[in-house]
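Coordinate inspection notes
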Amino acid sequence: MSGNMNLTLKVWRQKNVKESGRFETYTAKNISPDMSFLEMLDEVNEDLIKGGKDPIAFDHDCREGICGMCSMYINGRAHGPVKGVTACQLHMRSFVDGDTITIEPWRAAAFPVLRDLVVDRTSFERIQQAGGYVSVNTGSAPDANAIPVPKDNADEAFNSAACIGCGACVAACVNSSAMLFLSAKVSQYALLPQGRVEAKRRVANMLKAHDDAGFGACTNTEACEAECPKGISVTNIGRLNREFAAASISGE
Amino acid sequence: MNLDSKIPAGPLAEKWDRHKFSCKLVNPSNKRKYDVIIVGTGLAGASAAASLAELGYNVKTFCFQDSPRRAHSIAAQGGINAAKNYRNDGDSVYRLFYDTVKGGDYRAREANVHRLAQVSVNIIDQCVAQGVPFAREYGGLLDNRSFGGAQVSRTFYAKGQTGQQLLLGAYSALNRMVGEGKVQSYTRHEMLELVMVDGQARGIIARDMVTGEIQRHSAHAVVLATGGYGNVFYLSTYARGSNSTAIWRSHKKGAYFGNPCFTQIHPTCIPVSGDHQSKLTLMSESLRNDGRIWVPKQKGDTRKPADIPEDDRDYYLERRYPSFGNLVPRDIASRAAKDMCDKGYGVGKTGLAVYLDFSDAIRRMGEKTVESKYGNLFDMYKQITGDNPYQTPMMIYPAVHYTMGGLWVDYNLMTTIPGLYATGEANFSDHGANRLGASALMQGLADGYFVLPYTIGDYLADIERKPIANDSPEFMEAEKVVKERLSKLLSIKGNKTVHQFHRELGLIMWNHCGMGRNEVGLKEGIEKIRGLRDEFWKNLLVPGSDLELNQNLEKAGRVADFLELGELMMVDALHRNESCGGHFREEYQTPENEALRDDENFAYVAAWEYKGDGQPHQLHKENLVFENVKLTQRSYK
């Protein structure tokens with residue numbers, strides 16, 4: 001078909017968490033500009049399998065930019081060259097015939113590589129389990145409209161809660177800090193009356209889990225915001241710092 | 001075996017309260033002696049896991065994703081229904097019940113649907129208390145929008161990401177219980193077999209998808225909250241990993257399958273662009289609040305949509321259904337789109353698309369308001385198609401979106417296997433032959449937060465409290481079966497990849513068991529599936545080994561199950577000699593091409609029993625008794 005492309009891929013291959021990895025070069029032939037990036041990888045994998053080789057393992061699920069499963073570094077950028085989209089929503093019309101594309105997994109000590117482009121993000125789980133919730137048992141809630149929330153606060157809380165937990169912020173950060181992810185969750189609750197009761201405990205415990213998992217400190221480079229596919233703002237980190245300062249001063 | 005739906009006696013509105021009182025209780029100090037396995041961590045699974053753990057049960061959750069938060073409930077866009085009547089527009093529990101039974105084309109159980117409508121109001125309360133950031137008005141109270149099949153505004157929403165926010169709410173409750181040690185969360189684990197001891201569900205065999213280790217997990221009860229099976233069609237709005245393996249393996253162990261052919265084809269999805277396509281993307285039904293659907297009046301009109309004057313456009317839904325207009329239920333909107341395209345009025349490169357136009361809405365409300373309501377959907381559309389929907393109408397076409405069918409369950413959500421429950425989309429229960437928009441989220445959370453926590457105690461109260469051994473002969477045998485199956489998939493070493501088989505299966509399903517079905521086509525389809533299944537087991541090529549992260553091996557097991565389930569769907573579609581909801585048998589239609597039900601002969605749930613490989617399934621009927629709603633031809637005119 002006219003308009004289709006031939007591309008060279010340099011892909012990180014790694015058998016498992018123990019072995020060391022390396023780049024391998026592949027060609028992707030006759031790629032339609034209407035394909036998504038992952039559909040292009042699907043095609044490459046079909047060729048690899050038929051050629052008796054191991055296909056490239058990569059995480060993906062919803063393929064509509066919301067589950068946060070896909071996670072790859074494309075030409076030195078988390079989720080690739082287009083701002084505000086995940087790798088699964090990136091389309092091949094963003095590339096031109098003859099391009100060489102380098103594809104790597106997220107690189108961070110707290111995200112060990114499991115295979116090829118697949119990393120272990122259970123460190124994110126531990127941060128959430130440390131306090132990313134409101135302690136309300138099922139069945140004990142008052143009527144929903146008994147708790148009015150100013151629209152601006154609700155909208156802002158939504159913007160923070162829109163984080164998909166993909167880990168691009170960590171991958172983009174020179175310190176491998178997960179502060180954008182953490183602060184988005186803390187902010188969502190900080191902005192809502194439901195979250196205020198446990199605010200001090202929450203921020204202290206989640207921050208500790210963040211540090212224990214091996215994520216680095218935030219030095220305000222703001223690469224996280226620039227690479228976040230969902231536009232999560234660094235103002236969340238400012239809010240996190242205020243919450244933490246307040247928790248430290250007054251204690252439990 | 002006789003199907004006992006266990007619907008409680010008494011007037012409709014009192015059934016659930018009476019039943020809750022009659023359910024046996026497990027005292028708080030004994031709850032910790034019971035283990036419950038929950039497979040799937042979407043809305044139905046995560047809400048059940050959190051709620052059961054809060055009660056004191058020991059819970060293990062399993063999901064194939066790397067986090068419970070990534071289950072495909074996350075992708076639900078438009079909203080969640082609840083009979084709050086915050087709009088003062090005449091809504092009530094009874095009206096939500098009525099709309100849902102009617103929307104399902106009278107093929108759902110009255111008692112279940114009424115319970116769903118009753119607890120819908122508690123769901124919103126619970127989610128708000130968790131900190132779910134629903135859309136609000138300037139007064140600080142919750143906002144609503146309208147969805148198909150209803151003339152009231154009862155849908156609560158969080159932009160076009162309602163499923164995400166509700167799932168993150170349930171996930172946060174789950175995380176709290178993991179943090180307290182009441183839930184063990186197994187991620188990147190896949191259930192490959194159900195284990196039964198003395199005729200009761202007592203555990204599962206799971207595979208660690210990173211190491212390939214096969215594990216035996218025992219429990220006093222097993223809950224399947226594994227979602228629907230629409231990926232049998234290959235192209236669908238489901239996540240790529242969504243699969244039927246948990247319910248299908250359980251079906252083969254004795255859980256009856258209810259109404260397998262009831263599939264929802266969603267009217268507003270981005271059309272197929274080429275053979276490479278791996279999935280279809282939904283454009284939320286909420287867009288039909290403000291978007292108008294049309295095609296050119298003239299066949300093959302190649303003018304740009306903006307150049308086609310008002311008089312040359314056919315707003316066919318508004319024309320055919322003046323009282324519901326663009327907000328008719330999904331099955332009707334989908335069929336109408338197919339009908340227009342089949343007659344040659346379709347637009348776009350393939351002719352398989354219709355316009356969804358926002359120009360009126362943008363004129364009326366301004367681009368900013370439209371953006372605040374639908375911004376993320378417009379962005380998604382633009383990213384996928386390269387077109388800007390603020391400037392030119394969207395092109396949409398129906399796509400597989402949901403399965404109303406699923407494991408047959410009684411009023412307690414228990415399958416025909418004692419101790420095995422199915423919740424959310426994995427069961428067949430509440431939506432009849434067509435689900436209304438914004439009702440899937442409602443059902444998933446109703447089952448998990450407010451139904452199962454009551455009904456599971458009724459079963460557990462009678463079970464011995466000692467731990468279940470995971471090394472009994474039954475467990476060892478199930479483990480062996482799983483290992484042999486994996487080895488078999490790897491050992492075929494044929495020439496065709498699992499993707500190729502899946503794609504071929506999907507085409508057969510879409511062509512023979514899609515939006516329009518007929519006797520001849522279904523019979524052909526069954527033969528084709530059998531042929532493909534034979535070829536699969538002779539010519540499949542799976543690379544790698546079982547003791548490593550092997551995505552093709554995972555998928556091979558799932559497609560093997562789809563190849564069996566697909567046939568049962570066709571058998572069910574063939575036996576149901578009527579049209580109802582999403583099941584449209586071309587032989588049975590009204591003069592206006594609407595679905596023509598046969599209540600005399602088919603007002604029942606078809607529950608299919610597995611009788612062994614190569615044997616025909618046996619049909620059991622649960623007759624549907626309508627004591628409150630009068631069965632009529634659905635009319636949205």
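Residues numbered from 1 in each chain as written. Chains lettered and ligands numbered in written order. Predicted model: local features only at pLDDT ≥ 70, side-chain atom pairs only at ≥ 80, totals over all residues. Heavy atoms only, no water.

Time to look at the packing of aromatic side chains. Residues and elements named next belong to chain A. Here the structure, examined in full by the defined rule, presents 30 aromatic pairs over all chains. Taken together, a centroid distance of 5.8 Å and an interplanar angle of 40 degrees make the contact between Phe124 and Phe215 tilted. With a gap of 91 residues between them, Phe124 in helix α2 (residues 122-129) and Phe215 in the loop between α7 (199-212) and α8 (223-227) connect regions that are remote in the sequence. By relative accessible area, which is 3% here, Phe124 ends up buried. Residue classification places Phe215 among the buried positions, given a relative accessible area of 5%. (Phe/Tyr/Trp six-rings, centres within 6.5 Å; stacked < 30°, edge-to-face > 60°. Helix = DSSP H or I, 4+ residues; strand = E, 2+ residues; numbered from the N terminus. Buried < 20%, exposed > 50% of the residue type's maximum accessible area, 1.4 Å probe, protein only.)

The subject of this paragraph is the sheet that holds strand β14 (residues 354-357) of chain B. Residues and elements named next belong to chain B. Taken in spatial order, the five strands make up an open sheet running β11-β15-β14-β12-β13, and their pairing is antiparallel. What marks the edges here is a single partner per strand, and that holds for β11 (263-269) and β13 (313-314). By the bridge criterion, three bridges tie strand β12 (residues 292-296) to β14 in an arrangement that is antiparallel. Directly across from Ile293, in β14, lies its bridge partner Leu356. Its contacts with the sheet place helix α9 (residues 330-342) against β11, β12, β13, β14 and β15 (394-403), and it is angled at close to 65 degrees to β11. (Pairing = 2+ DSSP bridges. Contact = heavy atoms within 4.5 Å. Axes fitted to C-alpha atoms, helices over the stretch in contact; angles between N-to-C directions.)

Below, the discussion takes up the interface of chain A and chain B. Taken together, the contact between chain A and chain B spans 76 residues of the former and 77 residues of the latter. Remark: the boundary between chain A and chain B carries seven salt bridges. Summed over the shared surface of chain A and chain B, the number is 42 residue pairs in polar contact (both at pLDDT 80 or more). For the side of chain A that touches chain B, the secondary structure elements donating two or more residues are α1 (37-50), β6 (113-115), β7 (118-119), α2, α3 (151-161) and α5 (179-190) of chain A. Within the side of chain A that touches chain B, the residues separate by chemical class into 37 nonpolar, 19 polar and 20 charged. (Salt bridge = Lys/Arg side-chain N within 4 Å of Asp/Glu carboxyl O. Polar contact = N/O pair within 3.5 Å; in protein donor to acceptor, adjacent residues only side chain to side chain. Nonpolar A, V, L, I, M, F, W, Y, C, P; charged D, E, K, R; others polar.)

Now for the sheet that holds strand β7 (residues 200-208) of chain B. All names here are of chain B. The strand order across the open sheet built from three strands is β6-β7-β8, with neighbouring strands paired in antiparallel fashion. Of all strands in the sheet, those bounded by a partner on one side alone are β6 (189-197) and β8 (214-218). Averaged over neighbouring strand pairs, the angle between their axes works out to 25 degrees when direction is ignored. The pairing of β7 with β8 spans five bridges and is antiparallel. Bridge pairing in β8 links Ile205 to Arg216.

Moving on, we get to the pattern of salt bridges. Residue and element names in this part refer to chain B. Here the structure, examined in full by the defined rule, presents 81 salt bridges over all chains. Here Arg364 makes a salt bridge to Asp290, at a shortest N to O gap of 2.9 Å. A residue pair is termed long-range when its members are at least 10 positions apart, and Arg364 in helix α10 (residues 359-365) and Asp290 in the loop between β11 and β12 qualify at 74 residues. Its relative accessible area of 57% is what places Arg364 among the exposed residues. Given a relative accessible area of 7%, Asp290 falls into the buried group. Between Glu519 and Lys523 there is a salt bridge, with its nearest N and O atoms 2.7 Å apart. Remark: Lys523 and Glu519 occur in helix α15 (residues 519-539); sequence separation between them is four residues, near one turn of the helix. By relative accessible area, which is 37% here, Glu519 ends up partly exposed. A residue is classified by how much of its surface remains accessible, and Lys523, at 42% relative accessible area, is partly exposed. Salt bridges sharing partners connect three or more residues here, namely Asp105, Arg107, Asp331, Arg335, Arg576, Glu578, Arg597, Asp599 and Arg634.

Residues and elements named next belong to chain A. Relative to the helices and strands, Ser160 resides in helix α3. We classify Ser160 as buried; its relative accessible area is 2%. Setting aside its immediate chain neighbours within four residues, Ser160 contacts Ala184, Ser187, Gln188, Leu191, Ile232, Asn236 and Arg239.

Next up on the list: the packing of helix α14 (residues 498-513) of chain B against α15(B). All names here are of chain B. Relative to each other, α14 and α15 sit at 170 degrees, their axes nearing to 9 Å. Viewed along their axes, α14 and α15 adopt a mutual orientation that is roughly antiparallel. Residues Val498, Phe501, Glu504, Leu505, Ile508, Met509, His512 and Cys513 of α14 form the contact with α15, whose own contacting residues are Gly521, Leu522, Glu524, Gly525, Lys528, Ile529, Leu532, Glu535, Phe536 and Asn539. Here the contact of α14 with α15 is composed, by residue class, of ten nonpolar, four polar and four charged. (Parallel < 35°, antiparallel > 145°, perpendicular 65-115°, else oblique.)

So, on to α2(A). Of all the eight residues making up α2(A), six are buried; the element is thus mostly covered by neighbouring parts of the structure. What α2(A) keeps buried is the set A:Ser123, A:Phe124, A:Glu125, A:Ile127, A:Gln128 and A:Gln129. Lining the buried residues of α2(A) we find α4 (168-172), α5 and α7 of chain A together with α6 (162-179) of chain B.

Residues and elements named next belong to chain B. Its place among the elements puts Gln215 in strand β8. A relative accessible area of 12% places Gln215 in the buried class. Put simply, Gln215 and Gly325 are 110 residues apart on the chain and 53 Å apart in space, counted from C-alpha to C-alpha. Apart from the residues within four sequence positions on either side, Gln215 is in contact with Tyr186, His189, Ile204, Ile205, Ala206 and Asp208.

Below, the discussion takes up the side chain of B:Thr263. Residues and elements named next belong to chain B. Tracing the sequence through the fold places Thr263 in strand β11. One polar contact links Thr263 to Arg517, side chain to side chain, over a distance of 3.5 Å. Each residue touching Thr263, except ones within four places of it in the same chain, is listed here: Phe233, Val400, Tyr402, Thr403, Met404, Arg517, Met569 and Gly582.

Let us now look at the confidence of the model for chain B. Mean pLDDT over chain B: 96, with 100% of residues reaching 70 or higher. Across the whole predicted complex the pTM is 0.97, and at the interface the ipTM reaches 0.98. (pLDDT = per-residue confidence, 0-100.)

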